[in-house]
Amino acid sequence: MSYGNDLTSVLAVVGIVLVLVLIITQVAATWRARIVAQRDDDHYRELTQRYAELVLEHDELRQRVAGELTGVRESVVSMERMMRELK
């Protein structure tokens, strides 16, 4: 073999190795991105569940406050009636 053929062979092997390294690196990056995305999906699922729980708690509190406000309103109306009767 001549020097030119040896150099061509070495460059071909180096090129193939570089391409293989690039492919393996990209496959690993894709695999890692999928794992991270799955973890994020789980996190968002947990956040969604917590949000739904908070909405239910908020609705219960709102209903309780509305009931208490109705009671206060009735008491004020009753006191106003009593004040008018005393005049």
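Residues numbered from 1 in each chain as written. Predicted model: local features only at pLDDT ≥ 70, side-chain atom pairs only at ≥ 80, totals over all residues. Heavy atoms only, no water.

A. Main features of the overall build of the protein. Summing up its helical and strand segments, the protein has one helix and zero strands in all. Against the 2.2 N^0.38 benchmark of 12 Å for 87 residues, the protein shows a C-alpha radius of gyration of 37 Å, more extended than a compact globule. Principal-axis analysis of the C-alpha atoms gives the protein an extent of 125 × 20 × 5 Å. Every one of the 87 residues in the protein was classed for burial, and the buried ones make up 0%. Per element, the accessible surface of the protein, about 8300 Å² overall, is 65% carbon and sulfur. (Helix = DSSP H or I, 4+ residues; strand = E, 2+ residues; numbered from the N terminus. Rg over C-alpha atoms; globule rule 2.2 N^0.38 Å. Buried < 20%, exposed > 50% of the residue type's maximum accessible area, 1.4 Å probe, protein only. Areas by Shrake-Rupley, 256 points an atom, 1.4 Å probe, with all protein chains shown as cover.)

B. Inspection of the pattern of salt bridges at higher detail. In this structure the tally under the stated criterion is four salt bridges. Of the charged contacts, one joins Arg50 and Glu57 as a salt bridge, the two residues approaching to 4.0 Å between their closest N and O atoms. On the accessibility criterion, Glu57 (40% relative accessible area) is partly exposed. Look at the salt bridges and you will find they share partners, linking Arg50, Glu53 and Glu57 into a network. (Salt bridge = Lys/Arg side-chain N within 4 Å of Asp/Glu carboxyl O.)

C. Structural context of the environment of Val10. Looking at the element boundaries, Val10 is found in helix α1 (residues 3-86). Considered as a pair, Val10 and Met79 are 69 residues apart in the sequence and their alpha carbons are 101 Å apart.

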